[in-house]
4 protein chains.
Amino acid sequence: MAGELNNTVDRDQKLKENLLKRLNRIEGQVRGIKGMVEKDIYCDDVLQQISAVQSAIDSVSKLVLENHIRTCVVTKIKKDDQEIIDELLKTIGKML
Amino acid sequence: MAGELNNTVDRDQKLKENLLKRLNRIEGQVRGIKGMVEKDIYCDDVLQQISAVQSAIDSVSKLVLENHIRTCVVTKIKKDDQEIIDELLKTIGKML
Amino acid sequence: MAGELNNTVDRDQKLKENLLKRLNRIEGQVRGIKGMVEKDIYCDDVLQQISAVQSAIDSVSKLVLENHIRTCVVTKIKKDDQEIIDELLKTIGKML
Amino acid sequence: MAGELNNTVDRDQKLKENLLKRLNRIEGQVRGIKGMVEKDIYCDDVLQQISAVQSAIDSVSKLVLENHIRTCVVTKIKKDDQEIIDELLKTIGKML
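Model, not experiment: these values are computed from the prediction. Numbering of residues starts from 1 in each chain and follows the order in which that chain's sequence is written. Chains and ligands are labelled by the order in which they are written, letters from A for the one and numbers from 1 for the other. This being a predicted model, a pLDDT of at least 70 is required before a residue's local features are given, and a value of 80 or more before pairs of side-chain atoms are given or counted; all residues contribute to the totals for chains, interfaces and linings. Side-chain numbers here rest on the full set of heavy atoms in the structure, without hydrogens or water.

S.K.: Could you clarify how one ought to interpret the relation of the copies chain A and chain B in this entry?
M.R.: Here the second copy of the chain follows from the first by a rotation about an axis and a shift along it. Aligned on chain B, chain A shows an RMSD of 0.0 Å; the corresponding rotation is 180° and the shift along the axis is 0.0 Å. With respect to symmetry, the two chain copies, as superposed, fit the operation of a two-fold axis. Of every C-alpha in chain A, the one belonging to Glu 27 of chain A sits nearest the axis of rotation, 2.9 Å from it. Working rule for contacts: check all heavy atoms of both residues, and any pair within 4.5 Å makes them a contact. Looking at chain A, 100% of its interface residues are interface residues in chain B too, so the copies touch through the same face. Least-squares fitting of one copy onto the other uses the C-alpha atoms of those residues that reach a pLDDT of at least 70 in both copies.

Here is the structure:
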């Protein structure tokens with residue numbers, strides 16, 4: 001029933017939980033960086049923390065892209081949907 | 001008084017407010033992505049949002065690095081502190 | 001006749017010429033950087049030149065990936081080839 | 001005598017040889033990719049090769065930046081040259 005209404009998809013439950021756990025941690029890390037800025041913590045320590053958040057978000061991004069390709073993209077290519085390729089290339093181009 | 005105790009620095013007040021405003025927005029964006037995952041929003045839309053967060057964090061990172069170089073690094077180089085160079089190169093190496 | 005022997009593909013002639021032209025220019029740029037290093041040109045000028053080569057190679061990489069997805073990947077997905085997805089995700093993962 | 005005429009620097013001889021060796025190898029790799037394109041080698045194999053060149057150039061870039069910071073930048077900061085900081089930040093900004 002879902003998947004078509006309002007541009008939603010049936011995302012695998014395990015992946016969903018994995019993503020939410022990672023995003024919760026990232027939210028906490030961002031809050032931590034705010035605290036470091038407020039407390040005037042030494043710049044290089046702040047940069048290390050920012051670096052950790054960047055890696056964490058990159059991982060989330062890769063997970064979502066991987067799932068996207070394995071599910072939506074494959075399904076739509078099999079249905080000869082040309083637009084999905086253009087959309088995918090645009091998104092990968094932005095990510096690179 | 002600050003600046004030496006507990007590895008803190010005297011960060012410019014304007015920069016501090018700028019960083020906190022950006023970090024607050026990033027925190028909100030991350031929460032937004034969590035909502036998108038929970039509501040099974042289409043992957044490509046999630047990827048766009050993640051991309052926006054990545055750009056936002058990159059900007060914060062550049063701002064902190066720029067301030068770091070202009071203040072701590074310059075001051076310490078003038079005091080012949082060799083370690084600051086090693087630390088800076090390690091951090092830039094990680095960022096690249 | 002080509003396309004299967006020795007792991008080759010029928011690459012579009014126009015794309016091929018485009019890629020070769022870009023790669024020739026990159027080869028020339030790399031030779032130019034060697035000359036700069038030999039003549040002890042100022043580091044920041046060398047870094048600018050290296051930056052230009054990096055952009056040029058990134059463009060070649062994107063062009064090849066785009067063509068790869070539009071041709072090989074789409075064709076193989078339609079033939080239910082699962083391995084092509086794994087290979088693609090590994091390659092994109094490396095590129096990101 | 002050098003170092004000021006024609007915007008050159010006294011680059012360490014060992015670093016120079018190291019850089020030239022790396023750049024020679026990169027030039028050879030680029031020529032190799034041209035050969036792959038000419039012979040219609042499979043896209044994913046070409047992408048692997050491009051990826052190797054990108055890593056190799058990134059390493060050259062880091063080496064030059066590191067040497068630049070350790071020598072020119074430090075020397076000029078000690079002479080209270082403000083422009084070197086602006087130039088460095090612009091270059092790092094481009095590299096990030």
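There is more to say, and it comes next.
S.K.: What is the right way to look at the confidence of the model for chain A in this model?
M.R.: Residue and element names in this part refer to chain A. For chain A, per-residue confidence averages 92 on the pLDDT scale, and residues scoring 70 or more make up 94% of the total. Known as pLDDT, the predictor's confidence for each residue is given on a scale from 0 to 100. Put simply, DSSP marks the helices as runs of H or I at least four residues long and the strands as runs of E at least two long, and each gets a number from the N terminus on. The least confident element of chain A, judged by mean pLDDT, is helix H3 (residues 83-95) at 95; the most confident is helix H1 (residues 13-38) at 97. The low-confidence segment residues 1-5, where pLDDT is below 50, has five contacts with residues more than four positions distant or belonging to other chains. This prediction of the complex comes with two scores: 0.89 for pTM and 0.90 for ipTM.

S.K.: Before we go on, may I ask you to explain the interface of chain C and chain D in this structure?
M.R.: Interfaces are often sized by the amount of accessible area the parts lose when they come together. If you look at the interface, chain C gives 47 residues, while chain D gives 47 residues. Summed over both partners, the accessible surface that disappears when two parts come together, traced with a 1.4 Å probe, is what is meant by buried area. Between chain C and chain D, a total of about 4,400 Å² is buried, with carbon and sulfur atoms accounting for 59% of that surface. If you sort the residues of chain C by the area they bury against chain D, Asp 40, Tyr 42 and Leu 47 of chain C come out on top, with a joint share of 15%. When a carboxyl oxygen of Asp or Glu lies within 4 Å of a side-chain nitrogen of Lys or Arg, that pair is called a salt bridge. Counting across the interface, chain C meets chain D through six salt bridges. Its salt-bridge partner being Arg 31 of chain C, residue Glu 27 of chain D comes within 3.0 Å of it at the nearest N-O pair. Only helix H1 (13-38), helix H2 (43-78) and helix H3 (83-95) of chain C provide two or more residues apiece to the side of chain C that touches chain D.

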